[in-house]
Amino acid sequence: MALIHLTVVTPEGKHYDADAQRVMVRTTGGDVAILPHHIDYSASLATGEARITEADGAVRRAELSGGILHVASDEVQVITRQFAWKD
């Protein structure tokens, strides 16, 4: 199974640094899903929910507050002001 590597960073530090099957976030243009082999992509993030499908299939939800999404070569970076797990 193909995976992507996700890193989530806020001013307080790193909140996530692991492989995932899928990342869904809200951008200023609407919700986007990032899957393995996604084209290179950058977008401004809006305040909303992030849904991360981890490598084992577990889905984790978090609230994030603005920032930037950057995708390149199966590496996904979320740089946001705030990130809080819902679980």
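See the structure shown above.
Residues numbered from 1 in each chain as written. Predicted model: local features only at pLDDT ≥ 70, side-chain atom pairs only at ≥ 80, totals over all residues. Heavy atoms only, no water.

Enquirer: Hey, could you run me through the pairing of strand S8 (residues 75–80) in this one?
Expert: Two faces make up the sheet, and in a regular strand the side chains alternate between them. Burial of the side chains of S8 is restricted to one face: Val76, Val78 and Thr80 are buried, whereas none of Glu75, Gln77 and Ile79 on the reverse face is. In terms of strand pairing, strand S7 (residues 67–72) meets S8 through six bridges, oriented antiparallel. Within the sheet, the bridge partner assigned to His70 lies in S8 and is Gln77. Counted between consecutive antiparallel strands, the loop separating S7 from S8 contains two residues, among which Ser73 sits at a positive phi close to 55 degrees. (Buried < 20%, exposed > 50% of the residue type's maximum accessible area, 1.4 Å probe, protein only. Helix = DSSP H or I, 4+ residues; strand = E, 2+ residues; numbered from the N terminus. Pairing = 2+ DSSP bridges.)

Enquirer: How do you make sense of the pairing of strand S6 (residues 59–64) when you look at a structure like this?
Expert: In terms of strand pairing, strand S5 (residues 48–54) meets S6 through six bridges, oriented antiparallel. Within S6, the position partnered with Thr53 by the bridge is Val59. Taking the residues between adjacent antiparallel strands as the criterion, S5 and S6 are bridged by four residues, where Gly57 takes a positive phi near 95 degrees. One ladder, built from three bridges, connects S6 with strand S9 (residues 83–85); its direction is antiparallel. Counterpart to Glu63 in the pairing with S9 is Ala84.

So, to be careful, I would describe these as geometric facts and stop short of saying anything about function.
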